Amino acid sequence: MKNIAVAGTGYVGLVTGVCMAENGHNVICVDIDEQKVKMMREGISPIYEVGLEGLMRRNIEAGRLHFTTDYPSAYKEADAVFIGVGTPEKEDGSANLQYVETVAIQIAESVAKDCLAVIKSTVPIGTNDKIEELINKSLVNDVRVEVASNPEFLAQGSAVKDTLEAARIVIGTESEWAENLLTEIYTPFNLPIVSVNRRSAEMIKYASNDFLALKISYMNDIANLCELVGADIQDVAEGMSYDDRIGSKFLNAGIGYGGSCFPKDTSALEYLARQYGYDLRTMQATIKINSEQKLKLYDKAKQRLETFEGIKVAVLGLTFKPGTDDLREAPSLANVPLLLEQGADIYAYDPIGVDNFKQFYSEGSHGQGNITYVDSPEDALKGAAACLIFTEWGEIKAVTPNQYKDLMQTPLVFDGRNIYNVQEMADNGVEYHSIGRPVKNIN
Ligand code: UDX
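Residues numbered from 1 in each chain as written. Predicted model: local features only at pLDDT ≥ 70, side-chain atom pairs only at ≥ 80, totals over all residues. Heavy atoms only, no water.

Asks: How do you make sense of the overall build of the chain when you look at a structure like this?
Replies: The helix and strand tally for the chain stands at 19 helices and 15 strands. For a compact globule of 443 residues, the expected C-alpha radius of gyration is about 22 Å, and the chain comes in at 24 Å, within 12% of that figure. Referenced to the eigenvectors of the C-alpha coordinate spread, the extents of the chain come out at roughly 80 × 45 × 40 Å. Evaluated residue by residue, the chain yields a buried proportion of 55% over its 443 residues. Sequence-distant contacts in the chain: of pairs separated by 6 or more residues, those separated by 24 or more amount to 72%. Put simply, the chain shows about 19300 Å² of open surface, and 48% of that area lies on carbon and sulfur atoms. (Helix = DSSP H or I, 4+ residues; strand = E, 2+ residues; numbered from the N terminus. Rg over C-alpha atoms; globule rule 2.2 N^0.38 Å. Buried < 20%, exposed > 50% of the residue type's maximum accessible area, 1.4 Å probe, protein only. Contact = heavy atoms within 4.5 Å. Areas by Shrake-Rupley, 256 points an atom, 1.4 Å probe, with all protein chains shown as cover.)

Asks: What am I meant to see in the sheet that holds strand β10 (residues 345-349) here?
Replies: Strands in a sheet are paired, the pairing made by backbone hydrogen bonds, and the direction either parallel or antiparallel. Here 7 strands make up an open sheet; going across it, the order is β11-β12-β10-β9-β13-β14-β15 and the pairing mixed. Strand pairing shows two members of the sheet lacking a second neighbour, β11 (364-366) and β15 (431-433), which therefore form its edges. Recorded for the sheet is a direction-independent mean angle of 20 degrees between the axes of neighbouring strands. Bridge count between strand β14 (residues 412-415) and β15: 3 bridges; the pairing is parallel. Looking across to β15, one finds that Phe414 is bridged to His433. Helix α13 (residues 296-305) contacts β13 (386-389), β14 and β15 of the sheet and is inclined by roughly 155 degrees relative to β14. (Pairing = 2+ DSSP bridges. Axes fitted to C-alpha atoms, helices over the stretch in contact; angles between N-to-C directions.)

Asks: Help me understand the side chain of Glu49, please; the structure alone is not making it clear to me.
Replies: In this fold, Glu49 is placed in the loop between α2 (34-41) and α3 (52-61). A distance of 2.7 Å separates a polar side-chain atom of Glu49 from the backbone nitrogen of Gly157. With near-sequence residues (within four places) excluded, Glu49 lies in contact with Tyr11, Ala155, Gln156, Gly157, Ser158 and Ala159. (Polar contact = N/O pair within 3.5 Å; in protein donor to acceptor, adjacent residues only side chain to side chain.)

Asks: I would appreciate a short explanation of the environment of Asn418 in the present structure.
Replies: Inspection of the secondary structure puts Asn418 in the loop between β14 and α19 (422-427). Overall, the relative accessible area of 7% leaves Asn418 in the buried class. The spacing of Asn418 and Ile435 is 17 residues in sequence and 6.4 Å in space, taken between C-alpha atoms. Excluding anything up to four places from it in sequence, Asn418 contacts Ile233, Gln234, Ala253, Tyr432, Ser434, Ile435 and Arg437. Separated by 2.8 Å, the side chain of Asn418 and the backbone nitrogen of Ile435 make a polar contact.

Asks: Explain the UniProt feature "binding site: substrate" (unreviewed entry) in the chain here, please?
Replies: Feature annotation in UniProt places "binding site: substrate" (unreviewed entry) on Lys205, Phe250, Leu251, Asn252, Ala253, Gly254, Gly258 and Lys321, given in this structure's numbering. Taken along the chain, the residues just named run across 117 residues; in space they spread out, the farthest C-alpha pair reaching 24.1 Å. Looking at where Ala253 falls in the secondary structure, it is placed in the loop between α10 (233-241) and α11 (262-275). Excluding residues that lie within four positions of it along the chain, Ala253 makes contacts with Met219, Asn220, Ala223, Ile233, Asn418 and Ile435. In this fold, Gly254 is placed in the loop between α10 and α11. Judged by its relative accessible area of 4%, Gly254 is buried. If near-sequence neighbours (up to four positions away) are discounted, Gly254 is found in contact with Asn220, Gln293, Gly416 and Ile435. (UniProt positions renumbered as here; feature names shortened; annotations may be inferred.)

Asks: Where do I start with the environment of Tyr257 in this structure?
Replies: Turning to its location among the elements, Tyr257 is positioned in the loop between α10 and α11. Residues within four places of Tyr257 in sequence aside, it is in contact with Ala213, Ile216, Ser217, Phe262, Pro263, Thr266, Thr286, Ile287, Asn290, Lys294 and Glu329.

Asks: Could you clarify how one ought to interpret the packing of aromatic side chains in this entry?
Replies: We describe a pair of aromatic rings using the distance from one ring centre to the other and the angle between the two ring planes. Tallying each qualifying case throughout the model produces 9 aromatic pairs. With centroids separated by 5.9 Å and ring planes inclined at 90 degrees, the aromatic side chains of Tyr257 and Phe262 adopt a geometry described as edge-to-face. Accessibility assignment for this pair places Tyr257 and Phe262 in one class, buried. Summarising the aromatic geometry, the rings of Phe357 and Tyr373 are spaced 6.4 Å apart at their centres and angled 70 degrees between planes, so their arrangement reads as edge-to-face. Linking Phe357 in helix α15 (residues 354-358) with Tyr373 in strand β12 (residues 369-373), this pair joins segments that are 16 residues apart in sequence. Classification of Phe357 by relative accessible area gives buried; the value is 0%. (Phe/Tyr/Trp six-rings, centres within 6.5 Å; stacked < 30°, edge-to-face > 60°.)

Asks: Which parts of the structure should I look at to understand helix α8 (residues 176-186)?
Replies: The periodicity of an α-helix, 3.6 residues per turn, causes residues three or four places apart in sequence to face the same way. Turning to α8, its buried residues are Ala178, Leu181, Leu182, Ile185 and Tyr186. End-on, the buried residues of α8 take up no more than an arc of 130 degrees, which puts them together on one face. (Arc of directions from axis to C-beta.)

Structure (structure tokens):
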């Protein structure tokens, strides 16, 4: 078993640390936030992730999982330091590497024995080389530090499962020593390991994420065409899914992808390509389609209602997807300001995203509009003249078609996640607009 330090305790860092401990390694997670570290020592996770706290507590009790702000002593005796800090998008679309670089220098100044710095954060191709140079330039002790790439593929909401039961572990190394050490660290996970060079590993991460984003934008593009020609995107997706070259996943049309990965990783690769004088046209189209798709629901509602002035609008779902409290790039954040600007009286429901959303829009009036947060979808729907669905939470899917009819002043629903059967909504007297599917006449 190895001594592992983890830099950063966000989705990637914390989940990596906990899962390494679960596989028997001795792990210390480093974060600069004293308060956060105190919480984590007590087994409280700063992020909402199914199963995470249980594993945290079990491994803390077993003495394999530790948390600290004292990075020099954490890195000093580590066999490997996993870097899981953020690489947020800069204004120009490129990835901000400032946090990775800071950690690299801290590692260089602290290590007292040979050590592998493993970059888990998503970084532009060539970054591993640069970070290795930076570390070697800043080394204080006479030790060997090499850099390896080990991209992370976890999705929020299923991060623990995605790590413990990953489809593959990708490792990018430039020496046998580094390859052997990483292979040894991952052997207890008992998962397929794809071992390539560092640049290929960096590219595998972007190419995988961006392909999924492309798949979603493609389905949204086809969905928009379905609306014009009278086809149904769900039937189309089903018909496509039987071909295992296409597969059945990530074929759901909707109001575009959000989250911490797809928007940033599509922009970063497109930006990187331009630096090499190459137009990455697939990503340019993917990004454009997605930004337009995010406003689809607002556009449809605006076209139908003409004005939102003083209209009670139920907003169901705020987070970018179910199972997380994360609002990064969430379609709700693109639509709610437009509704408020137009004077809507919003009643918003989300099972866990409300506190985060309040940081953008506190309860009360905003210009012409107003926003109130409620504890159930039913409370949002009562007396509403229109309903906009942004996230397919179980609690929202549980609302039945006749509840819309019974609770709303006028049963007019705009569904960005295609939750309901079009015919069933019409049969229950609900005027139902969804994505890439026809609007049925109410009998
Ligand atoms: C994603 C990748 O799945 C993960 O492998 C990577 O490491 C990080 O990015 P995440 O952002 O957590 O994970 O969520 P994911 O479940 O992939 O969904 C991303 C977005 O795409 C969501 O907004 C979701 O609503 C949207 N989506 C997904 C669709 O619109 N249609 C689909 O068919 C699937």
